[in-house]
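Spelled out, the chains give:
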Amino acid sequence: MSMLNEQQLQEQLRTPQGEGEFFARWLELQSPRIGGVRRAAVFLADRDQAFVAVAAQPAGFRPGAAFHSLVEQVRAEGRELVVKIKEQSPPEPQTSPGHYLAMPVMEQDLLRLVVVFEISERSAASCREAMGQLCWGLAWPTEWLSRRQCLQEQERWARRSERLQGVLELAARSLDPRDGQAAALASVTILAERLACDRVGVGLVEGRQVKLVAVSNTAQFDRQLNLSRALADLMNEGVDQQETLIYPPADAGRGAVLQQHRAYVQHYGAAALLTIPFVDVDGVALGAYSFERAEEQPFSGQEVDLCEAVVALVGPTLVSKHLNDRSWLRTSWDCLRSQWGRLAGPGNIAWKGGVLAALLLVLVCLLAGGEYRVAGDTTLEGTVQRVVIAPFDGFLDEALHRPGDLVEQGAVLARMETRELVLERINWNSQSRQHQLEYHRAVAENQVAHSRIIEEQVAQAGARIALLDQQISRAAIRAPFAGLIIRGDLSQAIGAPVKYGQVLFEIAPLDAYRVVIEVDEREIEQVCSGQKGRFLVNALPQESFPFVVTRVTPVSRVSKGRTVFRVEGALGEQPRQLRPGMQGLAKISIGQRSLLWLWSHELLNRLRLWLWAVLP
């Protein structure tokens, strides 16, 4: 074969063609490359995995038993084979010595193609070289198989897409009306037109029977007519069996009951009937569609599949539209009837047990009682809190205590700087002595008026000195009583200026506390003086402490986004582990109430407020 002819064959392999022509061209291209080829054949697997010869060489050659035996051997072993002709079983008569080369082609772990070449006798090395050449040449069939697979997938998806598009189009046109009755009429009319049916009806399950809702091309119909009852009977037969019913049946041994369908055909002359029920997600039957043809034109498998897809999509939506069309009274009544049916009917043991348990729980809540307690956030405060202020303007010299320290009465808390005061006292002291000398000189010279002025200056200097002595003595800031420092950290303010009257420390005693509770405005009316309660602090969650309400402050404030009132309580005992400023939760005992009232009173109060707001 010339190079030009080989290029022409390759070009022909690249162009789309049938499988027989493709593999014939491939054998024609591959045989010269292997050399010594006497006969060859290509076997392709069909859908049942049976191998059929699709191409052979030379022209007119039909593979015999030897070739088919090699194909089965390759299929069994799953690998390539090199077999001498005389060793082949069954042997082929009138065959000269040579070899068979058999090569499989796999696709997705399945044997798709087997190529068999009969070549003249040659050495083992030459056979291996021929097998290598064949392996390289199998790239064309492998690529052809992949292209065929892609085309088959594209055709399959195209058919599915076309079918899905048709289903969605029918469903969209059927469900376009918002009214349930109009949507039902539109669905049966469109299906009758699309499927060339003489009559299409739809019915919905009400109670235990199917109620006819709409008939194609009929705006109004009487459900009491014999035809309407017969259509409802068809649908009941399909709903009872919950499967698609076809008459005449395609498979006599299917086992479906078609009694009503036979009776309908006898009375109304229909030639073909199709009934398709539809169910909800739980498998409960909702209704059915019936299709009728008067001519001898049975429903094909594709038409049945299309109808089942449309009914499965349209049916439940149609039920939802009909349910939405009901009045709220009818909706409530249907809901109550449904629940009563579950309660009074057979089965539903879990539902009945749940209702009985709920009734018992309500009864227990009505008869049993519990203590009603009003809760609120609480803070522990000292009954008396004293502030320690700066005795004069000056600078802080030393801070000896910090918040949290226990101090005794008279303990030095901090010291003010006294250097300027001492210098000022020395200055005034020298001025006092000078005035005294001037006073004695004026007295000696009998200067009465002048001596009186100097005497006043001496008294002024003495008063100033006394003031400075008092300020120096007060420079040591002392605790007014024994207690706990709850505020005033001056350790970071050494040397800072302070003003007279500035608060430096707050001290609370350790033997007198009061409990401050924040009670919500919705429950403050229940609280009054003398009621008892208990509180628990965050620092001591393992122990609660009793208290008695002493005061309800009639002034509200906003705390944490809600309005609260301040309630004060007194402790009977003063536990040593408590400290001012501790926070926690307190509960005030109000009295005994029923459990139902305890759990529902807050909701009822909200309901009363809402009704007051909306009612005229």
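Note that the structure is a prediction, hence the values are computed from the model and not measured.

For the packing of helix H12 (residues 419-444) against helix H13 (residues 448-473), give the residues involved together with the corresponding values.
Viewed as axis vectors pointing N to C, H12 and H13 meet at an angle of 160°, and their least axial separation amounts to 8 Å. With respect to H13, the element H12 is oriented roughly antiparallel. For the pair H12 and H13, the crossing hand works out as left-handed. Taken together, the residues of the contact of H12 with H13 sort by class into 12 nonpolar, eight polar and six charged.

Describe the pairing of strand E7 (residues 209-215), naming the residues involved and giving the relevant values.
Of all seven residues making up E7, five are buried, and the element is well covered by its neighbours. Judged from the six bridges that link them, strand E6 (residues 199-206) and E7 form a sheet pairing that is antiparallel. Bridge pairing in E7 places Val205 opposite Val210. Taken together, E6 and the strand that follows it, E7, pair antiparallel across an intervening segment of two residues, in which Gly207 is found at a positive phi of about 75°.

Describe in detail the sheet that holds strand E4 (residues 98-107), supporting the description with residues and values.
Read from one edge of the open sheet, five strands run E2-E1-E5-E4-E3, paired in antiparallel fashion. On the outer flanks of this sheet lie strand E2 (51-57) and strand E3 (81-84), each paired with one strand and no other. Taken pair by pair, the neighbouring strands of this sheet meet at an average axis angle of 20°, ignoring direction. Summarising the sheet, strand E1 (residues 37-45) and E2 pair through six bridges and their orientation is antiparallel. By the bridge assignment for E2, Ala41 is matched with Ala56.

Describe in detail the sheet that holds E6, supporting the description with residues and values.
Ordered in space as E7-E6-E10-E9-E8, the five strands form an open sheet in which the pairing is antiparallel. Sheet topology places E7 and strand E8 (245-247) at the edges, where each strand pairs with a single neighbour. Between one strand axis and the next, the sheet turns by 20° as a mean value, whatever way the strands run. For strand E9 (residues 272-279) and strand E10 (residues 285-293), the ladder comprises eight bridges, and the chain directions are antiparallel. Of the residues in E10, the one forming a bridge with Thr275 is Ser290. Its contacts with the sheet place helix H9 (residues 301-324) against E6, E7, E8, E9 and E10, and it is angled at close to 45° to E9.

Pulling in residues and values, what's your account of the packing of aromatic side chains?
In the structure shown here, the tally under the stated rule is six aromatic pairs. With 6.1 Å between their ring centres and 55° between their planes, Phe535 and Phe547 make a pair best called tilted. You can see Phe535 sitting in strand E21 (residues 532-537) and its partner Phe547 sitting in strand E22 (residues 545-559), a full 12 residues away along the chain. The pair formed by Phe535 and Phe547 is uniform in burial state, with each residue classed as buried. Members of the aromatic cluster, each reached through a chain of ring pairs, are Phe278, Tyr289 and Phe291.

Run through the side chain of Asp520, naming residues and quoting values.
The residue Asp520 is located in strand E20 (residues 513-520) in this model. When its relative accessible area of 9% is taken as the criterion, Asp520 is described as buried. A polar contact of 2.9 Å, which involves the side chain of Asp520, links it to the backbone nitrogen of Arg522. Here Arg562 takes part through its side chain, which lies 3.3 Å from a polar atom of the side chain of Asp520. Ignoring any residue separated from it by four or fewer positions in sequence, one finds Asp520 in contact with Arg562, Thr563 and Val564.

Help me get a handle on the packing of helix H6 (residues 180-194) against H9, residues and values and all.
As a packed pair, H6 and H9 sit with axes 8 Å apart at the nearest point and diverge in direction by 160°. Between H6 and H9, the angle is such that the two are roughly antiparallel. Crossing of H6 against H9: the hand is left-handed. The residues of H9 that touch H6, namely those facing Gly180, Gln181, Ala183, Ala184, Ser187 and Leu191, are Val310, Val314, Leu318, Lys321 and His322. Residue composition of the contact of H6 with H9, grouped by class: six nonpolar, four polar and one charged.

Tell me about unusual backbone geometry, residues and numbers included.
Note that the residue after Tyr247, namely Pro248, is joined by a cis bond; omega there is 0°. Among the secondary structure elements, Pro248 is positioned in the loop between E8 and helix H8 (259-268). Non-glycine residue Gln242 carries a positive phi angle of around 50°. Within the secondary structure layout, Gln242 lies in the loop between helix H7 (226-241) and E8.

How would you explain the nonpolar core if you had to name every residue and give the values?
Counting residues in each nonpolar core, the largest one holds 29 residues, and the members touching the most others are Val200, Val202, Leu274, Tyr289 and Phe291. Contributing elements (two or more residues each) for this core: H6, E6, E7, E9, E10 and H9. Looking at which element gives the most residues to this core, the answer is H9, with eight residues. Apart from the residues within four sequence positions on either side, Phe291 is in contact with Leu191, Leu195, Cys197, Arg199, Val200, Ala272, Leu273, Leu274, Ile276, Phe299, Cys307 and Val311. With 24 residues, the next largest nonpolar core counts Trp428, Ile477, Ile485 and Leu504 among its residues.

Before we move on, could you go through a nonpolar patch on the surface and cite the residues and values that matter?
Judged by side-chain polarity, Leu356, Leu360, Val362, Leu363, Leu366, Leu367 and Leu596 come together as a nonpolar surface patch covering roughly 670 Å² of accessible area. Relative to the helices and strands, Leu363 resides in helix H11 (residues 349-367).

An account of helix H14 (residues 595-614) is requested, with residue identities and associated values reported.
With 20 residues, H14 extends 29 Å between its outermost C-alpha atoms, agreeing within 8% with the 28 Å of an ideal straight helix rising 1.5 Å per residue. When the local axis directions of H14 are compared, the greatest deviation, roughly 45°, occurs at His601. Every buried residue belonging to H14 is among Leu595, Ser600 and His601, and all of these are buried. The secondary structure elements touched by the buried residues of H14 are H11, strand E11 (369-382) and strand E24 (583-594).

Let's hear about the pairing of E21: which residues, and what values?
Of the two faces of E21, the one holding Gly533, Phe535 and Val537 is buried and the one holding Lys532, Arg534 and Leu536 is not buried anywhere. Pairing geometry for E21 and E22, over four bridges, is antiparallel. Of the residues in E22, the one forming a bridge with Arg534 is Pro546. Sheet topology places E21 next to E24; five bridges connect them, and they run antiparallel. Across the sheet, Gly533 pairs through a bridge with Ile588, a residue of E24.

Residue-level account of H6, with values.
Between the first and last C-alpha of H6 there are 21 Å, a value that for 15 residues agrees with the 21 Å anticipated at 1.5 Å per step. Every buried residue of H6 is listed here: Gly180, Ala183, Ala184, Ala186, Ser187, Val188, Ile190, Leu191 and Ala192. In the segment just after H6, Ala196 is the residue with positive phi, at about 55°.

Cut-off values and rules
- Residues numbered from 1 in each chain as written.
- Predicted model: local features only at pLDDT ≥ 70, side-chain atom pairs only at ≥ 80, totals over all residues.
- Heavy atoms only, no water.
- Axes fitted to C-alpha atoms, helices over the stretch in contact; angles between N-to-C directions.
- Helix = DSSP H or I, 4+ residues; strand = E, 2+ residues; numbered from the N terminus.
- Parallel < 35°, antiparallel > 145°, perpendicular 65-115°, else oblique.
- Left-handed = near helix turned anticlockwise from the far one by under 90°.
- Nonpolar A, V, L, I, M, F, W, Y, C, P; charged D, E, K, R; others polar.
- Buried < 20%, exposed > 50% of the residue type's maximum accessible area, 1.4 Å probe, protein only.
- Pairing = 2+ DSSP bridges.
- Contact = heavy atoms within 4.5 Å.
- Phe/Tyr/Trp six-rings, centres within 6.5 Å; stacked < 30°, edge-to-face > 60°.
- Polar contact = N/O pair within 3.5 Å; in protein donor to acceptor, adjacent residues only side chain to side chain.
- Core = buried A, V, L, I, M, F, W, Y, C linked by side-chain atoms within 4.5 Å.
- Patch = residues over 30% accessible without salt bridge, like charges linked within 9 Å, V, L, I, M, F, W, Y side chains within 5 Å.
- Areas by Shrake-Rupley, 256 points an atom, 1.4 Å probe, with all protein chains shown as cover.
- Salt bridge = Lys/Arg side-chain N within 4 Å of Asp/Glu carboxyl O.
- Expected span 1.5 Å × (residues − 1).
- Bend = angle between axes of the 7 residues up to and from the residue.

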